[in-house]
2 protein chains.
Amino acid sequence: MNVQEAIDKLNELELQEFAYGHAFGILSWDDETVAPKGSQIPRGKTMGVLSELSYKLSTGDEARALLDFLKEHYDELTPEDRRRTDLREKNMRELRAIPMEEFVAYSQLTDEASSVWREAKRKSDYKLFEPYLGKIIDYKKRFAALVRPDMDPYDYCLDQYEEGLTREKCEAFFKTLREHIVPLLEKVMAAKPIDTSFLSTPFPVPAQRELSAKLMELMRLPKDNCIIGEVEHPFTTGFSKYDVRITTHYFEDNFLSSMYSVVHEGGHALYDLHSDDRFCFTSLEGGVSMGVHESQSRFYENIIGRSREFVELVYPEIVRLCPTLASQSPEALWRAANVAQPSLIRTEADELTYPLHIMVRYEMEKAMIGGDVKPADLPGMWNALYKEYLGLDVPDDKNGILQDSHWSGGGIGYFPSYALGSAYGAQLLHKMREDFDVRKAVRENDLIQVNNWLEEKIWKYGSLYKPAELMERAFGGPFDPTYYTDYLERKFTEVYGL
Amino acid sequence: MNVQEAIDKLNELELQEFAYGHAFGILSWDDETVAPKGSQIPRGKTMGVLSELSYKLSTGDEARALLDFLKEHYDELTPEDRRRTDLREKNMRELRAIPMEEFVAYSQLTDEASSVWREAKRKSDYKLFEPYLGKIIDYKKRFAALVRPDMDPYDYCLDQYEEGLTREKCEAFFKTLREHIVPLLEKVMAAKPIDTSFLSTPFPVPAQRELSAKLMELMRLPKDNCIIGEVEHPFTTGFSKYDVRITTHYFEDNFLSSMYSVVHEGGHALYDLHSDDRFCFTSLEGGVSMGVHESQSRFYENIIGRSREFVELVYPEIVRLCPTLASQSPEALWRAANVAQPSLIRTEADELTYPLHIMVRYEMEKAMIGGDVKPADLPGMWNALYKEYLGLDVPDDKNGILQDSHWSGGGIGYFPSYALGSAYGAQLLHKMREDFDVRKAVRENDLIQVNNWLEEKIWKYGSLYKPAELMERAFGGPFDPTYYTDYLERKFTEVYGL
């Protein structure tokens, strides 16, 4: 085998891995959007079989021999192929450390747990979900011990979503945020309240669907490669740059909820849609980490989507679709879309209190993985943390610990990336402004300019660089969370006239 | 290896085959219902990879050794496992005869051809589809020559959808039908015309969706295991008895079109939903052939769905959802739903002229596979046959050769099973009447009685018996198409008062 033959083999192997991932992705998408309840049984069987087959493919003798060859010839590889080799090695270490039966059982468990979580949330009955969450936590701890016995188990969880992120970095980051957000929130709470009563104006779901289409058009999401589905908990899933799906949830009395879901998920989708063509069907296609992914989605949702200019841009369409809202000015709508107020639901939270919701989850996850809290005690802990961080009493588990889907799918360690992504976004805005007038581009419906900039700095690289390296290249220097706290201070001073 | 170990291996292998089939099925369902246009590229890649992997699984050394073992120990097997062995052998012969690259290329071709067919139909532009159809015909001929060089190539195509069906049997069957249908249709055309003008009363799509839900409830289709999707060309797909999907297409000015699609597809679904539990995830689960499948769908659509009693049963719901229709009596609606009249579109055709549409396709397929007609000449041939069989001029390809999806997916040889299924259904009705009063059961909203009878005679057996054997067991004697022609004569005499 020469290097070229090895790369051909690598391409073929990655294409096969893509195919399994695509099949899994479509089965999950179907589950979330339309599948009947009974589908859980055959889907569990199929997921189990395909997990096992794909596990064998990725860890089998051929895959091992190929990786060994690539490592031996590392110096002769292109930077792209070196990165692919590194990613394979990281992945191989995981897959080799975890016995196949456990890998298969875990994948069946999370599939089942997702259905159970949905039912538990609907019934606001944590007890239904508790045994599943308990098992998921046990698996996570066990996998951490097997794969990285040298690492703190929660650091292992964080690293899965944001390569290189640690509890230590989180502590410092959240400390900075808390120091700025808590006093800023106090000022906001003391300021003259903003009228938000009109936000519950009934906005019929079919009209909201039209609004979604308009938002996707403004963001330049291509119709031939991006569709929208309706689900309980919005998410984005991509099957290569040719087919990316976003989702939303419509509430007739809260049109902003879906509006900003669409803009948020649309930000994820744009990232996945703009990987360089040469990465197609390889491990370098698509976003590199959850932190970077969230930086794109939250940049679109908050920095672009909640700007005065964007609200003015969408305003005529909102009023056309829901004429009652014409009694409000674009200015009033912009302010209302930026109200800061402690609340119970993360996905509905405003930009300022949002990081506090993340901190609650961060504390929960540290306790789950690093501590010895019992699954039965988790709702109590959740409620106590909401009291401490947001000053609120949680009335039931539906509005508490059952609100998010992440843990049911095994996503422990994911949440901190949301806050990190928000901070990345603010620093990107700072850089973007050095190159062009961002407010003007939004005002003039020229979001293509924003997209082109992000494509050049972030999107096109797919997973070529490690997250921290990618961001430092884009920033032209190290990550600094004070761009984020400065941004929040400027913005809420303007919104509340502090 | 002992027999029990071999059966365990067989179960595992069939579960893996089920998983691949499930993945393919979900990818196709997604394609038909929601996928964006661009999804064609990654889906083609994934289908290609999974075809190759599943081909290797089903034809590899392990599968061959297992089959050899089962054949050696055939006498020690249960009847169920003998049938599984026979089906495997039949399948293995196909898979071994067709080179893997061709199998993969063909599967990619039909996936692509389905997208192209949709576009061609929308634009009524046969030229777009022509090269794909040409290639599909070439593949079918080549596969026939490779797999069954001893067989007439069109017989091979027929046998794929209805084990044991031949051109010779078709000729005799269609001759009987033609001899009865042509004079009966002449009498009908000379009778007093039935008023159908009210059938184009605008029936809003959301109300039609409610009507679909009601129909599914009347048919006892379980919500947890059966959903409905909206597509261009209605079909049913099942992923085990736990998850079966039906589809429909709504036209505001033709509510009967969707109503009878739902009842037809619902008949298919009931069959798949009632395989015996012990066949789950094995090759014996689900319907045995297209002919038997169509016998169930067309039994529900025509014999039950277009009966006076069923129309009376649904009538109150129709009138509730579309009050304008209250000016018509149930009797008038029943007659209008049974009007016989030569028409262009098979899926909209009435029960009496329907077999003529099938005969056109049968003649086309014989020419494609057995003759030397050029793909470019097929629309002309289609149009000439519609003139000959139905006396109609075809205005464009959308209403002509492009109307059906079957050929784009490689389904050459499928159509005759529709007519055969209709004839099976009439003979089943004859038997069912010996056991209970079918009209009374429908009148009293007791379709569960019909379902129970069909479950006992047909559904629960899955693919355990060959189609002809299954039907003979249900009939208590040989198949006889005169039950069908008698049924048509009785029914249209009543509808038209001949």
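On a predicted model such as this, the values are computed, not experimentally measured, just so you know.

J.: Tell me what's going on with the overall build of chain A, and back it up with residues and numbers.
T.: When you go through chain A residue by residue, the secondary structure sums to 20 helices and three strands. Split into buried and exposed, the 498 residues of chain A put 46% on the buried side. Within chain A, counting contacts between residues at least 6 apart in sequence, those at least 24 apart form 72% of the total.

J.: How would you explain the sheet that holds strand 3 (residues 244-248) of chain B if you had to name every residue and give the values?
T.: All names here are of chain B. Taken together, three strands build an open sheet; the order of strands is 1-3-2 and the sheet is mixed. Among the strands making up the open sheet, the edge pair consists of strand 1 (226-230) and strand 2 (236-238). Between one strand axis and the next, the sheet turns through 25 degrees on average, direction left out of account.

J.: Describe the environment of Arg64 of chain A, naming the residues involved and giving the relevant values.
T.: Within the element layout of this structure, Arg64 of chain A appears in helix 3 (residues 61-72). On the neighbour-count criterion, Arg64 of chain A (13 C-beta atoms within 10 Å) is partly exposed.

J.: Can you explain unusual backbone geometry? Please cite residues and give values.
T.: Its identity is not glycine, yet Arg220 of chain A carries a phi of approximately 65 degrees, on the positive side. Its location among the elements puts Arg220 of chain A in the loop between helix 9 (205-218) and strand 1 (226-230).

J.: Explain the sheet that holds strand 2 (residues 236-238) of chain A to me, using residue names and the numbers behind them.
T.: Residues and elements named next belong to chain A. Reading across from one edge, 1-3-2 is the order of the three strands in this open sheet, with mixed pairing throughout. The open sheet terminates on both sides in strands that have one partner only, identified here as strand 1 and strand 2. The mean angle between the axes of side-by-side strands here comes to 20 degrees, regardless of whether they run parallel or antiparallel. Strands strand 1, strand 2 and strand 3 (244-248) of the sheet are contacted by helix 10 (residues 255-273), whose axis makes an angle of about 165 degrees with strand 3.

J.: Summarise the relation of the copies chain B and chain A; cite the residues concerned and give the values.
T.: Here two copies of a chain appear, and what relates them is a rotation about an axis with a shift along it. The transformation that overlays chain B on chain A combines an axial shift of 0.0 Å with a rotation of 180 degrees, and the residual RMSD is 0.0 Å. Each copy turns onto its partner about a two-fold axis. No C-alpha of chain B approaches the rotation axis more nearly than that of Ala23 of chain B, which lies at 2.9 Å. When the interface residues of chain B are mapped onto chain A, 100% of them again fall at the interface, so both copies present the same face.

J.: Outline helix 8 (residues 167-190) of chain B, listing residues and values.
T.: Residues and elements named next belong to chain B. Here helix 8 contains 24 residues, and its C-alpha end-to-end distance of 34 Å stays within 8% of the 34 Å for a straight helix at 1.5 Å per residue. Among the residues of helix 8, those classed as buried are Cys170, Phe173, Phe174, Leu177, Ile181, Leu184, Leu185 and Val188. In the core, the buried residues of helix 8 are packed alongside helix 7 (153-161), helix 14 (354-370), helix 16 (416-435) and helix 20 (482-496).

J.: Could you give an account of the environment of Gln328 of chain B, with specific residues and numbers?
T.: Residues and elements named next belong to chain B. Examined against the element boundaries, Gln328 turns out to sit in the loop between helix 12 (308-321) and helix 13 (330-336). What makes Gln328 partly exposed here is the crowd of 18 C-beta atoms within 10 Å. Along the primary structure Gln328 and Tyr362 are separated by 34 residues, whereas in three dimensions their C-alpha atoms are 39 Å apart. Other than its neighbours up to four places away in sequence, Gln328 contacts Phe198 and Leu333.

J.: Which residues make up the interface of chain B and chain A, and what values go with them?
T.: In this assembly, 31 residues from chain B lie in contact with 31 residues from chain A. Put simply, the parts of the chain that give the side of chain B that touches chain A at least two residues each are helix 1 (3-33), helix 2 (40-59) and strand 1 of chain B.

J.: With reference to specific residues and values, describe the domain arrangement of chain A.
T.: Residue and element names in this part refer to chain A. According to the domain assignment, chain A consists of domain 1 (3-153) and domain 2 (167-496). Centre-to-centre separation of domain 1 and domain 2, based on C-alpha positions: 27 Å. Taken together, the contact pairs 33 residues of domain 1 with 30 residues of domain 2. Broken down by secondary-structure element, the contributors of at least two residues to the side of domain 1 that touches domain 2 are helix 1 (3-33), helix 4 (79-97), helix 5 (100-123) and helix 6 (126-147). In terms of residues, the side of domain 1 that touches domain 2 owes the most to one element, helix 6, which gives ten residues.

J.: So what's going on with the packing of helix 5 (residues 100-123) of chain B against helix 6 (residues 126-147) of chain B? Residues and values would help.
T.: All names here are of chain B. Packing of helix 5 against helix 6 leaves a shortest axis separation of 8 Å and a crossing angle of 150 degrees. Overall, the two elements helix 5 and helix 6 adopt an arrangement that is roughly antiparallel. The hand of the helix 5/helix 6 crossing is left-handed. In this structure, helix 5 contributes Tyr106, Leu109, Thr110, Ala113, Val116, Trp117, Glu119, Ala120 and Lys123 to the contact, and helix 6 contributes Tyr126, Leu128, Phe129, Tyr132, Lys135, Ile136 and Tyr139. Residue composition of the contact of helix 5 with helix 6, grouped by class: twelve nonpolar, one polar and three charged.

J.: Lay out the packing of helix 14 of chain B against helix 16 of chain B with the relevant residues and their values.
T.: Residue and element names in this part refer to chain B. For the pair helix 14 and helix 16, interaxial distance at closest approach is 8 Å and the crossing angle is 145 degrees. In this structure, helix 14 meets helix 16 at a crossing whose hand is left-handed. Contacts between helix 14 and helix 16 involve Pro355, Ile358 and Tyr362 from the first element and Pro416, Tyr418 and Ala419 from the second.

J.: So what about the environment of Cys157 of chain B? Which residues, and what values?
T.: Residues and elements named next belong to chain B. Within the secondary structure layout, Cys157 lies in helix 7. A tally of 27 C-beta atoms within 10 Å means that Cys157 is categorised as buried. Sequence separation between Cys157 and Asn451 is 294 residues; the distance between their C-alpha atoms is 31 Å.

J.: So what about the nonpolar core? Which residues, and what values?
T.: Residues and elements named next belong to chain B. One finds Cys226, Leu352 and Phe492 to be the most contacted residues of the largest nonpolar core, which totals 106 residues. In terms of domain composition, this core takes at least three residues from each of domain 1 (3-154) and domain 2 (167-496). Not counting the four nearest positions on each side in its chain, Phe492 is found in contact with Leu184, Val188, Ala340, Leu352 and Leu498.

J.: Give me helix 12 (residues 308-321) of chain A: which residues, what numbers.
T.: Residues and elements named next belong to chain A. Taking 1.5 Å per residue as the helical rise, helix 12 with its 14 residues ought to reach 20 Å, and the 20 Å between its terminal C-alpha atoms agrees with that figure. Maximum bend of helix 12: about 40 degrees, positioned at Val314, with proline Pro316 one to four residues after it. The complete set of buried residues in helix 12 reads Phe310, Val311 and Ile318.

J.: Which residues make up the confidence of the model for chain A, and what are the values?
T.: Summing up the model confidence of chain A, the mean pLDDT is 96 and the portion of residues at 70 or higher is 100%. Complex prediction metrics read pTM 0.89 and ipTM 0.88.

Cut-offs applied
Residues numbered from 1 in each chain as written. Chains lettered and ligands numbered in written order. Predicted model: local features only at pLDDT ≥ 70, side-chain atom pairs only at ≥ 80, totals over all residues. Helix = DSSP H or I, 4+ residues; strand = E, 2+ residues; numbered from the N terminus. Buried ≥ 20, exposed ≤ 12 C-beta atoms within 10 Å, placed from the backbone. Contact = placed C-beta atoms within 7 Å. Pairing = 2+ DSSP bridges. Axes fitted to C-alpha atoms, helices over the stretch in contact; angles between N-to-C directions. Least-squares fit on C-alpha atoms with pLDDT ≥ 70 in both. Expected span 1.5 Å × (residues − 1). Domains from an automatic or database assignment. Parallel < 35°, antiparallel > 145°, perpendicular 65-115°, else oblique. Left-handed = near helix turned anticlockwise from the far one by under 90°. Nonpolar A, V, L, I, M, F, W, Y, C, P; charged D, E, K, R; others polar. Core = buried A, V, L, I, M, F, W, Y, C linked by C-beta atoms within 7 Å. Bend = angle between axes of the 7 residues up to and from the residue. pLDDT = per-residue confidence, 0-100.

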